Amino acid sequence: MFKFAIQNMENQDPAVVNAIKESGESTLEKATAKAKIKFDQFMNVSLNIAVTGKTGSGKSSFVNALRGLQDDDDGAAPTGTTETTKVPTMYEHPGMPNLKIWDLPGIGSPNFKAKKYLKDVNFNTYDFFIVLNSERFMENDIMLAKEIRKRKKSFYFVRSKIDNDMSSEKKKKGFDEQKILSKIREDCQKNLKELGDPKVFLIASHDLVKYDFESLQNTLEDELPGYKKYALLQAWPVCSAASLEKKINMFKGMIWAASFASAAVAVVPLPGLSAACDTGMVVLFITRCYYAFGLDDSSLIWLSEKVNKPHLKDLAKSKLVTAIREKALIRLQASAALATISTVEYLLSLLPGVGSAAAAGISFATTQYLLREGVNDLANTARVIRKEAGLASVH
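How each quantity is defined
- Residues numbered from 1 in each chain as written.
- Predicted model: local features only at pLDDT ≥ 70, side-chain atom pairs only at ≥ 80, totals over all residues.
- Heavy atoms only, no water.
- Phe/Tyr/Trp six-rings, centres within 6.5 Å; stacked < 30°, edge-to-face > 60°.
- Buried < 20%, exposed > 50% of the residue type's maximum accessible area, 1.4 Å probe, protein only.
- Lys NZ or Arg CZ within 6 Å of the ring centre and 35° of its normal.
- Salt bridge = Lys/Arg side-chain N within 4 Å of Asp/Glu carboxyl O.
- Helix = DSSP H or I, 4+ residues; strand = E, 2+ residues; numbered from the N terminus.
- Pairing = 2+ DSSP bridges.
- Axes fitted to C-alpha atoms, helices over the stretch in contact; angles between N-to-C directions.
- Contact = heavy atoms within 4.5 Å.
- 1 Å grid on protein atoms, 1.4 Å probe; cavity = no way out; pocket = protein on both sides within 12 Å on 5 of 7 lines; lining within 4 Å.
- Points joined across faces, edges and corners; volume = space filled by probe spheres on them.
- Nonpolar A, V, L, I, M, F, W, Y, C, P; charged D, E, K, R; others polar.
- Parallel < 35°, antiparallel > 145°, perpendicular 65-115°, else oblique.
- Left-handed = near helix turned anticlockwise from the far one by under 90°.
- Lys, Arg positive; Asp, Glu negative; His and termini not counted.
- Polar contact = N/O pair within 3.5 Å; in protein donor to acceptor, adjacent residues only side chain to side chain.

A. Seen up close, the packing of aromatic side chains. Taken as a whole and judged by the stated rule, the model has 16 aromatic pairs. Here the aromatic rings of Phe155 and Phe157 are separated by 5.6 Å at their centres, their planes lie at 70 degrees, and the arrangement is edge-to-face. Phe157 matches Phe155 in its accessibility class, with the two residues each being buried. When the centroid spacing of 4.9 Å and the interplanar angle of 45 degrees are considered together, the rings of Tyr227 and Tyr230 count as tilted. Through a chain of ring-to-ring contacts, the aromatic side chains of Phe39, Phe42, Tyr227, Tyr230, Phe251, Phe285 and Phe293 assemble into a single cluster. Residue placement shows Arg151 over the ring face of Phe123; its charged tip is 5.2 Å from the ring centre.

Here it is, written out as structure tokens:
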């Protein structure tokens, strides 16, 4: 079964496929061990994002948006017209706790010192910096970017509160949204010329579907190293049909690694070990999909309000969505059929030679089936909801 599985890995994540094949097709233990490492990296890789900028630029609202929360949700970063962040404050992503977003103190002081600031906010903690400003980028923004660059980390300029600008401009005669956006972008870039004309992303934290939010996601994906980009893609809010499909394909590509990792446990002859690990992997994987696809309550409420369709949440009626909401997924997956298969795994694992391979094969097939069906179920649910919301076209 495993020789067939390794030879038929089209459309799977290339990094996983190469790692498994490099281990040697004939060596089950090496292949499964390698796959387990890849699965662990995918699920547990950490990513720390620093959000900084001028006081009042909307840092906290942007942090909340990245976490799929509205400003008045429980656990949201506090917002206000004055500086609400006095020290670096970490916020975990609700569906992916190993992704941490840091709300840093504002940099609006006339006596701002970039070197001291980066020392005070523990510079080495973060993978990259997002520098926000709701107006023109000024000297302090440039000073900070230069210091970050000296220390060989990445920074990205985000011009926030674009929705406020549009609301004001709409009151004027001859309003042209694209011309206004181009003018804002050019004005920002003009002030940043000495940094080599960096990109400026125009964002409205309360309307992520519009403007440059998806472009920012794509840029980060292209520039983040290795598995850091998978952490980003799992946690980044669904801002388009294209971004949803990207998430779906990513999870489908990792099913092989999870299935091989499951097989690695099945060859260990300990009663109950494989059943517990298989179930744990399935629960973790499917729950992560649930949040990544935007099926959690906060995401659906946000979407419902945005398109003025309160019934969208009612469309998420699949058995998996219901089980996750009721914290019953473990009971759902640990069915009688799965328990029977796990017992067979254990008995086969006690047999010498081919017995272990057979047990591993059953574990692989079982986990692969459960994950494939689970991902498809959640993906189709998410597609139905976006279609009903009028956001089904991929662009």
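B. Focus on the pattern of salt bridges. Tallied over the entire structure, the rule returns 15 salt bridges. Lys246 serves as the salt-bridge partner of Glu221, at 3.2 Å between the closest nitrogen and oxygen. Linking Glu221 in helix α9 (residues 213-223) with Lys246 in helix α11 (residues 241-266), this pair joins segments that are 25 residues apart in sequence. For Lys246, a relative accessible area of 29% translates into the label partly exposed. Residues joined by salt bridges that share partners form a network here, namely Arg136, Asp187 and Lys190.

C. Summary view of the sheet that holds strand β6 (residues 200-202). The strand order across the open sheet built from six strands is β2-β3-β1-β4-β5-β6, with neighbouring strands paired in mixed fashion. Bordering the open sheet on either side are β2 (89-93) and β6, each of which pairs with just one other strand. On average, adjacent strands in this sheet sit at an angle of 30 degrees to one another, irrespective of strand direction. Both strand β1 (residues 47-53) and strand β4 (residues 128-133) contribute to a ladder of five bridges, which runs parallel. Note on β4: the bridge partner recorded for Ile49 is Phe128. Contacting β1, β4 and β5 (154-159), helix α6 (residues 139-150) crosses the sheet at an angle of about 155 degrees to β5.

D. Layout of empty space enclosed by the protein. A full pass over the atoms with the stated rule returns one cavity of 30 Å³ or more. Size it by volume and the largest cavity reaches roughly 40 Å³. Considering the residues around the largest cavity, the lining is formed by Ile49, Leu66, His93, Leu99, Ile101, Ala235 and Trp236. Grouping the amino acids of the lining of the largest cavity by side-chain chemistry returns six nonpolar, one polar and no charged.

E. A look at the environment of Val321. Locating Val321 in the fold gives a position in helix α14 (residues 319-325). Residues within four places of Val321 in sequence aside, it is in contact with Tyr290, Leu295, Ala316, Leu378 and Thr381.

F. Representation of the packing of helix α7 (residues 162-169) against helix α8 (residues 177-191) within the structure. Running from amino to carboxyl end, α7 crosses α8 at an angle of 130 degrees, the nearest separation of the two axes being 11 Å. In terms of their interaxial angle, α7 and α8 are classed as oblique. The interaxial crossing formed by α7 with α8 has right-handed handedness. Between α7 and α8, the contacting residues are Ile162, Asp165, Met166 and Glu169 on the first element and Glu177, Ile180, Leu181 and Ile184 on the second. Within the contact of α7 with α8, the residues separate by chemical class into five nonpolar, no polar and three charged.

G. Spatial organisation of the side chain of Arg67. Inspection of the secondary structure assignment puts Arg67 in the loop between α4 (59-66) and β2. Buried within the structure, Arg67 lacks any salt-bridge partner; its nearest side chain of opposite charge belongs to Glu92, at an N-O separation of 7.5 Å. One polar contact links the side chain of Arg67 to the main-chain carbonyl oxygen of Gly75, over a distance of 3.0 Å. Apart from the residues within four sequence positions on either side, Arg67 is in contact with Gly75, Ala76, Ala77, Tyr91, Glu92, His93, Pro94 and Ile101.

H. Structural detail: unusual backbone geometry. Even without a glycine there, the phi angle at Lys161 is positive, about 55 degrees. Relative to the helices and strands, Lys161 is located in the loop between β5 and α7. Positive phi, normally seen in glycine, also occurs at Tyr211, with a value near 65 degrees. One can find Tyr211 in the loop between β6 and α9. On the basis of relative accessible area, Tyr211 is assigned to the partly exposed category, the value being 21%.

I. Looking closely at the layout of surface pockets. If you add up the space inside the largest pocket, you get close to 520 Å³. What lines the largest pocket is a set of 41 residues, and nearest its centre among them are Gly68, Pro237, Val238, Ser299 and Trp302. At the level of secondary structure, the elements contributing two or more residues to the lining of the largest pocket comprise α4, α10 (228-235), α11, α12 (273-292), α13 (297-307) and α17 (354-388). Considering each element in turn, the lining of the largest pocket owes the most residues, seven residues, to α13. A breakdown of the residues in the lining of the largest pocket according to their chemical character gives 22 nonpolar, twelve polar and seven charged.

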